[in-house]
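Coordinate analysis (summary)
Listed here are the chains, written in short residue letters.
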Amino acid sequence: MESTIYTAAIAIVCGYLFSSFPTAYIIGRLRKGFDIRDVGSRNMGAMNVIYSVGEAEGILVILVDIAKGIFAVFLARWLGTPLIIQLAAGAAAVIGHSFPVFLKFRGGKGGATSVGVLIFLMPKALIAGFPIFGIALLITRFPTLSYGLALASFPFVAWLVYDSVEYAIFAIILDVLLGLRY
């Protein structure tokens, strides 16, 4: 029992700390010499990096931010924790990106990290989410709205494809958290 508590704590704390790594901030400092949170949309996310620093740098940021979410859940699963701890580690990753300890808790919105968490948990959701994102992006030319609509499909995939109430509730919670951040 005691080792289970330690393992759960390690998974959750590592999920938070790893996601607190401020990729967009570091890229802004290295490439342009500014704090990404002081330019453009003032968000520490990939879209602001694309617009304020460059496309290649923004793609790097989005890939690393997605990897943060994947890593958190992967680590928890690898440590053999129960599903609830895996979900908590995923939530900790989103919180770590949004409120990074390394930048006085002033981070990004958590969208890409949420995508990483959810696609690791439910890879089949890409079948629904990717086309929704693509079609919405073609119609609106607004990436944030497009990936928001794609993320909104995850609770339905959890329910209809994975038959998982836990995944559905977790996806709804992440969607609400993102909605509050935006």
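Preceding this section is the structure that the text describes.
This section reports on the structure supplied with the text. None of the values given here were measured: they were computed from a predicted structure.

**Observations regarding the packing of helix α5 (residues 83-98) against helix α10 (residues 165-181)**
- At a closest axis distance of 11 Å, the pairing of α5 and α10 adopts a crossing angle of 10°. With respect to α10, the element α5 is oriented roughly parallel. Two secondary-structure elements touch here, α5 through Leu 83, Leu 87, Gly 90, Ala 91, Val 94 and Ser 98 and α10 through Glu 166, Tyr 167, Phe 170, Leu 174 and Arg 181.
- Of the residues assigned to the contact of α5 with α10, the class counts are 7 nonpolar, 2 polar and 2 charged.

**Notes on the environment of Ala 8**
- Inspection of the secondary structure assignment puts Ala 8 in helix α1 (residues 2-19).
- Remark: the alpha-carbon pair of Ala 8 and Gly 58, spanning 50 residues in sequence, is separated by 33 Å.
- Among residues more than four places away in sequence, those in contact with Ala 8 are Thr 81 and Ile 85.

**Section: unusual backbone geometry**
- Backbone geometry places Arg 42, a non-glycine residue, at a positive phi of 65°.
- With respect to the secondary-structure elements, Arg 42 resides in the loop between α2 (23-32) and α3 (46-52).
- Under the relative-accessibility criterion, Arg 42 is labelled exposed at 53%.
- Unusually for a residue other than glycine, Asp 163 sits at a positive phi of about 50°.
- Structurally, Asp 163 can be placed in the loop between α9 (154-160) and α10.

**So, the packing of aromatic side chains**
- The final tally for this structure, using the stated rule, is 3 aromatic pairs.
- Summarising the aromatic geometry, the rings of Phe 18 and Phe 71 are spaced 4.4 Å apart at their centres and angled 40° between planes, so their arrangement reads as tilted. With Phe 18 in helix α1 and Phe 71 in helix α4 (residues 55-78), the pair connects residues that are 53 residues apart, well separated along the chain.
- Residue classification places Phe 71 among the partly exposed residues on the basis of a relative accessible area of 29%.
- Ring centres of Tyr 162 and Tyr 167 lie 6.1 Å apart, and the angle between their planes is 65°; this geometry places the pair in the edge-to-face category.
- Over the ring of Tyr 162 we find Lys 124; its NZ or CZ atom is 5.7 Å from the centre of that ring.

**Some remarks on the side chain of Thr 113**
- Within the element layout of this structure, Thr 113 appears in helix α6 (residues 111-121).
- For Thr 113, the side chain forms a polar contact with the main-chain oxygen of Asp 65, separated by 3.2 Å.

**A short note on the layout of surface pockets**
- Of the voids in this model, the largest pocket is the one considered here, and its volume is about 810 Å³.
- What lines the largest pocket is a set of 31 residues, and nearest its centre among them are Met 47, Ile 62, Phe 133, Pro 143 and Tyr 147.
- Elements supplying a minimum of two residues to the lining of the largest pocket: α3, α4, α6, α7 (125-140) and α8 (143-152).
- Of the residues belonging to the lining of the largest pocket, the class tally is 19 nonpolar, 10 polar and 2 charged.

Conventions used here
Residues numbered from 1 in each chain as written. Predicted model: local features only at pLDDT ≥ 70, side-chain atom pairs only at ≥ 80, totals over all residues. Heavy atoms only, no water. Axes fitted to C-alpha atoms, helices over the stretch in contact; angles between N-to-C directions. Helix = DSSP H or I, 4+ residues; strand = E, 2+ residues; numbered from the N terminus. Parallel < 35°, antiparallel > 145°, perpendicular 65-115°, else oblique. Contact = heavy atoms within 4.5 Å. Nonpolar A, V, L, I, M, F, W, Y, C, P; charged D, E, K, R; others polar. Buried < 20%, exposed > 50% of the residue type's maximum accessible area, 1.4 Å probe, protein only. Phe/Tyr/Trp six-rings, centres within 6.5 Å; stacked < 30°, edge-to-face > 60°. Lys NZ or Arg CZ within 6 Å of the ring centre and 35° of its normal. Polar contact = N/O pair within 3.5 Å; in protein donor to acceptor, adjacent residues only side chain to side chain. 1 Å grid on protein atoms, 1.4 Å probe; cavity = no way out; pocket = protein on both sides within 12 Å on 5 of 7 lines; lining within 4 Å. Points joined across faces, edges and corners; volume = space filled by probe spheres on them.

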